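Chain by chain, the residues run as shown.
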Protein chains: 2
Amino acid sequence: MVYIAGEEMTHYASQLIVKEWIKPYFETGAWFEYDLSCVNRDKTGDQVLHDAVAKGAEIGAIFKEPTITPTKEQVEEFGLSSPLGSPNGAMRKGWNGITISRDTIHIDGVELGFKQPVLFERHAVGGEYGAGWKTVGRGKLLTTFHPEKGDPLLVDSRDLDNDHNVAVVYHNPLDNVTDLAHHFFSRCLESEVVPYVVTKKTVFKWQEGFWAIHKSVFDEHYKEKFAAKGLLDGTGGELQHLISDAATMQIIRWTGGNFGMSAHNYDGDMLTDEVAQVHRSPGFITSNLTGKREDGVMIKEYEASHGTVTDLWHAHLRGEETSLNPLGLVEAMIGAMQHGAKLELEAGGPAENFEKVMTWTTTLRKAMHNTFRYGQGTRDLSGPTGFTTEDFIKKVAWRLERYLIQGEDETAPELSEPDRAFRRNHKVDDEAVQEMFASYDTDGNGSIDLDEFTNLLVKLGVAPQKVENKGKEADI
Amino acid sequence: MVYIAGEEMTHYASQLIVKEWIKPYFETGAWFEYDLSCVNRDKTGDQVLHDAVAKGAEIGAIFKEPTITPTKEQVEEFGLSSPLGSPNGAMRKGWNGITISRDTIHIDGVELGFKQPVLFERHAVGGEYGAGWKTVGRGKLLTTFHPEKGDPLLVDSRDLDNDHNVAVVYHNPLDNVTDLAHHFFSRCLESEVVPYVVTKKTVFKWQEGFWAIHKSVFDEHYKEKFAAKGLLDGTGGELQHLISDAATMQIIRWTGGNFGMSAHNYDGDMLTDEVAQVHRSPGFITSNLTGKREDGVMIKEYEASHGTVTDLWHAHLRGEETSLNPLGLVEAMIGAMQHGAKLELEAGGPAENFEKVMTWTTTLRKAMHNTFRYGQGTRDLSGPTGFTTEDFIKKVAWRLERYLIQGEDETAPELSEPDRAFRRNHKVDDEAVQEMFASYDTDGNGSIDLDEFTNLLVKLGVAPQKVENKGKEADI
């Protein structure tokens, strides 16, 4: 597979993980490694990015550590000769990006935000990300389309009557939405979750095509299979459409999980961040780009959904203890290794290699999850007595070795929760919490009973709801 | 003022409210009434909509009941001669819409979602709502701007290489963003909340202008005043920008309230629905359109944030009891009456009329809120023993008369919460709640203590946070 290295805390942790968890079991010498740190991109005139993208397209399985897109200040700080753009654009283009999948990560026996999985597809192309625009004054804005053959077509003509306007034009390419829909529905089916297609098509009429393609793929290839699993029982037997602004509400209400959403590029950007927050933090969300090589092979790039974790890196540099939860990174590595193994198998490689990777990933997940369940997890989940970055990685390595080599099996206890989840991204305001507690403890007896609890859930807008699917009038 | 009537349950309740709460104290014969029911719009060839908009522009203060924009099925059901569009577009255009303000509604002594107010401005024009578009194949898309004077300008040229694309073009008119910014900051200052401007400008570069206008208005007219009230203590003394996708996360985290957001049209659509959900339901959110007549007079239209409540209407028609919470409707009526009184005063009307409206609205709010606090509210807040639509309106009328005419004063008790908030929009899944309760009651003693509670808040992603304002790297 292709291994793209980034920087700061997540680079440090990834390197440790490769050393402790992967190298004892696999030959990593065959990996193609690219260093996308700012300094190296600058040094190579960004040739390294082009090489990484080209090799990624050739191999088809990519793991990427978080990288930095330098701000003006960072260009100076790192002594770069010129500003560097985000590598994302080059990757989506070079790999014919279809969808960015962002799913909730779950730990056996530990509850985060959503109880069951939430799957998300964000169309990887189109929308305002690729828009052209100009600041203009009063006058006429004309948009015309000139087909390869035939007469030009007027797309839009409008008079601008303000002194100060911005004119914006973009297009949504729809050819790969069929692939997106297959990817989405097959994943939903495998995870047994209810699929929803999210658009604003009731008002933004041009979004009808995105829905129509999904609907046609669904009805032809998936409807019966979903129905057979009972996944359409709550939706009247049909694929459901959800208006994007209604989706912002349902994401807060459907904390039981077990649903999937497929959306346009910008809606997906907004809604997956909302999902991440409801599920606690971006540390518990995957981020995988799926593209397609011209010969039809699926290119898959896996990364964590978070950044380079600068604050912990600076603490580490100061010699302080850190406790980075590597779950997002590891799920990305697992994904890339599994896809690489699958491609190798499909290309005629030996089945035993594929089996070995599958066994290893299953065992690794169990070793990680059990480590959390023994209270030896990182401090975001295990509290102040949790393990450091290094100790956690060592502990999992020890457990992995016991399970994998010595064939031990064990059932870890259900996690006994720490006094307080110490979350890196969260500084809980204790006073405010005490006030809230008092306000929900309406009989003032120092504890919250089931009635008070139900009330609290309703007030917080997070009470689990019976399925209802009435939709919502379009807000225009 | 102008009174725009709609239909179904909210029309029924509004008429009752006018009869019971308003007519005893005010001469409503001078109101201009327009019936925007589907049947009447159809009968008049939509002339009634044009008349209502024209009169609204003339008078400047408008109350609007929820209306129906008929679906294909409803066109048949109501026997309409042709489909009817949403009246919103005509209103925003006819009144030079600047902003749609959607704020949380609070009841003294009752806690909903956000503890303190959340204010929202959604730019009433621009964005994809007014987009032109076409479905096109392969070819070149050309957008040019032809100014009133001078040479044409190329806005964008792009090659479309898919067989199936949609091309989309729109513009954001920016002239009224200065008015929007004044409206936003003066409201935030009055309510003493921290203002945030929300855009995706880090990636959608053309949104820089929206932010720049806000920033310039703020620095010139408001910065010192906000600083003097300590409202910039947590923001480094400056106006803060928030990336739109980060805003989806903060809305869930900042349940303490006391913040305001100003956003583009579509972002405002998405984010205000999210705010509504966190604050329990759209029933507790206002929806006010502010425009500007050519002579500078502010036109303000007030409506509830919810629809016509069809399900309760059907229950009412079947002769069943209903319990509609009219808070959103009433806040809209109050707003329109206050604005009308203010315009009349500014036009040289007698001060006593203005004073009378102000006293009445303050007293009405107290009568309503106290009725809730005596457990005589509607069933969404007062539980199954709560009052019906009609009884609630009568009870408030009785209390209003006592306070207003007989000059009585009373302090209602803090609301003793019902066993369970029966929410019209929510069907709580009791089994799922019991499961959740058990999972948070980690010591299994049948109640949740402060530690378990803190944990629960963190898990649900709703723990109050200490202020942090680091922003978030752009996701592109």
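An unreviewed UniProt entry lists chain A under the name EF-hand domain-containing protein, from Triparma laevis f. inornata. As recorded by UniProt, the Sequence similarities (unreviewed entry) comment attached to chain A reads in full: "Belongs to the isocitrate and isopropylmalate dehydrogenases family."

1. Observations regarding the nonpolar core
Core analysis: the largest hydrophobic core is formed by 103 residues, its most contacted members being Phe 185, Phe 226 and Met 261 of chain A together with Phe 185, Phe 226 and Met 261 of chain B. Residues within four places of Phe 185 of chain A in sequence aside, it is in contact with Pro 195, His 214, Val 217, Phe 218, Tyr 222, Phe 226 and Leu 239 of chain A.

2. Observations regarding the packing of helix 1 (residues 8-22) of chain A against helix 14 (residues 389-404) of chain A
Residues and elements named next belong to chain A. In the contact formed by helix 1 and helix 14, the axes pass within 10 Å of each other and the chain directions differ by 20°. Considering their axes alone, helix 1 and helix 14 lie roughly parallel with respect to each other. Note on packing geometry: the crossing formed by helix 1 with helix 14 is right-handed. Across the interface between the two elements, Met 9, Tyr 12, Ala 13, Leu 16, Ile 17, Glu 20 and Trp 21 from helix 1 touch Thr 389, Glu 390, Phe 392, Ile 393, Lys 394, Val 396, Ala 397 and Leu 400 from helix 14. Residues belonging to the contact of helix 1 with helix 14 are distributed by class as follows: 11 nonpolar, 1 polar and 3 charged.

3. Quick word on the sheet that holds strand 6 (residues 132-136) of chain A
One open sheet holds the 4 strands; their spatial order is 6(A)-9(A)-9(B)-6(B), and the pairing between them is antiparallel. The open sheet is flanked by strand 6 of chain A together with strand 6 (132-136) of chain B, the only strands paired with a single partner. Each neighbouring strand pair of the sheet contributes to a mean axis angle of 15°, computed without reference to strand direction. As paired elements, strand 6 of chain B and strand 9 (residues 165-173) of chain B share 5 bridges and run antiparallel to each other.

4. Remarks on the pattern of salt bridges
Inspection of every chain in the model, using the stated rule, returns 50 salt bridges over all chains. In this structure, Glu 331 of chain A engages Arg 365 of chain A in a salt bridge whose closest nitrogen and oxygen atoms are separated by 2.9 Å. Of the two residues, Glu 331 of chain A sits in helix 11 (residues 327-346) while Arg 365 of chain A sits in helix 12 (residues 351-373), which places them 34 residues apart along the sequence. Residue Arg 187 of chain B pairs with Glu 121 of chain B through a salt bridge whose shortest N-O separation is 2.7 Å. Of this pair, Arg 187 of chain B sits in helix 6 (residues 177-191) while Glu 121 of chain B sits in strand 5 (residues 118-123), and the two are 66 residues apart along the sequence. The exposure class assigned to Arg 187 of chain B is buried, which follows from its relative accessible area of 17%. Within this structure, Arg 122 and Asp 269 of chain A together with Lys 200 and Asp 245 of chain B form a network of salt bridges that share partners.

5. Considering the pairing of strand 9 (residues 165-173) of chain A
Among the 9 residues of strand 9 of chain A, 9 are classified as buried, and the element is accordingly described as predominantly covered. The alternating pattern of strand 9 of chain A places Asn 165, Ala 167, Val 169, His 171 and Pro 173 of chain A and Val 166, Val 168, Tyr 170 and Asn 172 of chain A on opposite faces, both of which are buried. Two strands pair when backbone bridges link them, and strand 9 of chain A and strand 9 of chain B are joined in this way by 9 bridges, in the antiparallel orientation. Note that in strand 9 of chain B the partner of Asn 172 of chain A across the bridge is Val 166 of chain B.

6. Quick notes on the side chain of Thr 67 of chain B
All names here are of chain B. The residue Thr 67 is located in the loop between strand 3 (61-64) and helix 4 (72-77) in this model. You can call Thr 67 buried: its relative accessible area is 11%. Here Lys 64 takes part through its side chain, which lies 3.1 Å from a polar atom of the side chain of Thr 67.

7. With respect to the packing of aromatic side chains
Applying the stated criterion to the full structure yields 36 aromatic pairs over all chains. Note on Phe 184 of chain A and Phe 185 of chain A: the rings are 5.2 Å apart at their centroids and 45° apart in plane angle, and the pair reads as tilted. An aromatic cluster is present here, built from Tyr 129, Trp 133 and Tyr 266 of chain A together with Phe 204 and Trp 206 of chain B joined pairwise through their rings. Seen from the ring of Phe 32 of chain A, Lys 55 of chain A lies directly overhead, with NZ or CZ sitting 4.3 Å from the centre. The cationic tip of Lys 356 of chain A hangs over the ring face of Phe 26 of chain A; the distance from NZ or CZ to the ring centre is 4.8 Å.

8. Some points on the domain arrangement of chain A
Per the domain assignment, the segments making up chain A are domain 1 (2-127 + 182-404) and domain 2 (132-169). Relative to domain 2 of chain A, the C-alpha centre of domain 1 of chain A lies at a distance of 38 Å.

9. Structural notes on helix 3 (residues 47-59) of chain B
Since the α-helix advances by 3.6 residues per turn, residues separated by three or four positions end up pointing in the same direction. All names here are of chain B. Taking 1.5 Å of rise per residue, 13 residues should cover 18 Å, and helix 3 covers 18 Å from first to last C-alpha, within 8% of that figure. If you check which residues of helix 3 are buried, you get Val 48, Leu 49, Ala 52, Val 53, Lys 55, Gly 56 and Ala 57. Where helix 3 is buried, its residues meet strand 1 (2-5), strand 2 (32-35), helix 2 (38-43), strand 3, helix 5 (88-94) and strand 14 (298-304). Following helix 3 by one or two positions, Gly 60 has its phi on the positive side, about 90°.

10. A few points about the pairing of strand 10 (residues 194-199) of chain B
Residues and elements named next belong to chain B. The element strand 10 is extensively covered by neighbouring structure, given that 6 of its 6 residues are classed as buried. Pairing geometry for strand 10 and strand 12 (residues 259-263), over 5 bridges, is parallel. Paired with Val 198 across the strands is Ala 263, a residue of strand 12. Relative to strand 11 (residues 240-243), strand 10 runs parallel, the two being bridged by 4 bridges. Of the residues in strand 11, the one forming a bridge with Tyr 196 is Gln 240. You can see the chain leave strand 10, run along helix 7 (residues 208-228) and come back into strand 11, and the turn it takes is right-handed.

What counts, and where the lines are drawn
- Residues numbered from 1 in each chain as written.
- Chains lettered and ligands numbered in written order.
- Predicted model: local features only at pLDDT ≥ 70, side-chain atom pairs only at ≥ 80, totals over all residues.
- Heavy atoms only, no water.
- UniProt positions renumbered as here; feature names shortened; annotations may be inferred.
- Core = buried A, V, L, I, M, F, W, Y, C linked by side-chain atoms within 4.5 Å.
- Buried < 20%, exposed > 50% of the residue type's maximum accessible area, 1.4 Å probe, protein only.
- Contact = heavy atoms within 4.5 Å.
- Axes fitted to C-alpha atoms, helices over the stretch in contact; angles between N-to-C directions.
- Helix = DSSP H or I, 4+ residues; strand = E, 2+ residues; numbered from the N terminus.
- Parallel < 35°, antiparallel > 145°, perpendicular 65-115°, else oblique.
- Left-handed = near helix turned anticlockwise from the far one by under 90°.
- Nonpolar A, V, L, I, M, F, W, Y, C, P; charged D, E, K, R; others polar.
- Pairing = 2+ DSSP bridges.
- Salt bridge = Lys/Arg side-chain N within 4 Å of Asp/Glu carboxyl O.
- Polar contact = N/O pair within 3.5 Å; in protein donor to acceptor, adjacent residues only side chain to side chain.
- Phe/Tyr/Trp six-rings, centres within 6.5 Å; stacked < 30°, edge-to-face > 60°.
- Lys NZ or Arg CZ within 6 Å of the ring centre and 35° of its normal.
- Domains from an automatic or database assignment.
- Expected span 1.5 Å × (residues − 1).
- Right-handed = clockwise from strand over helix to strand, strands pointing away.

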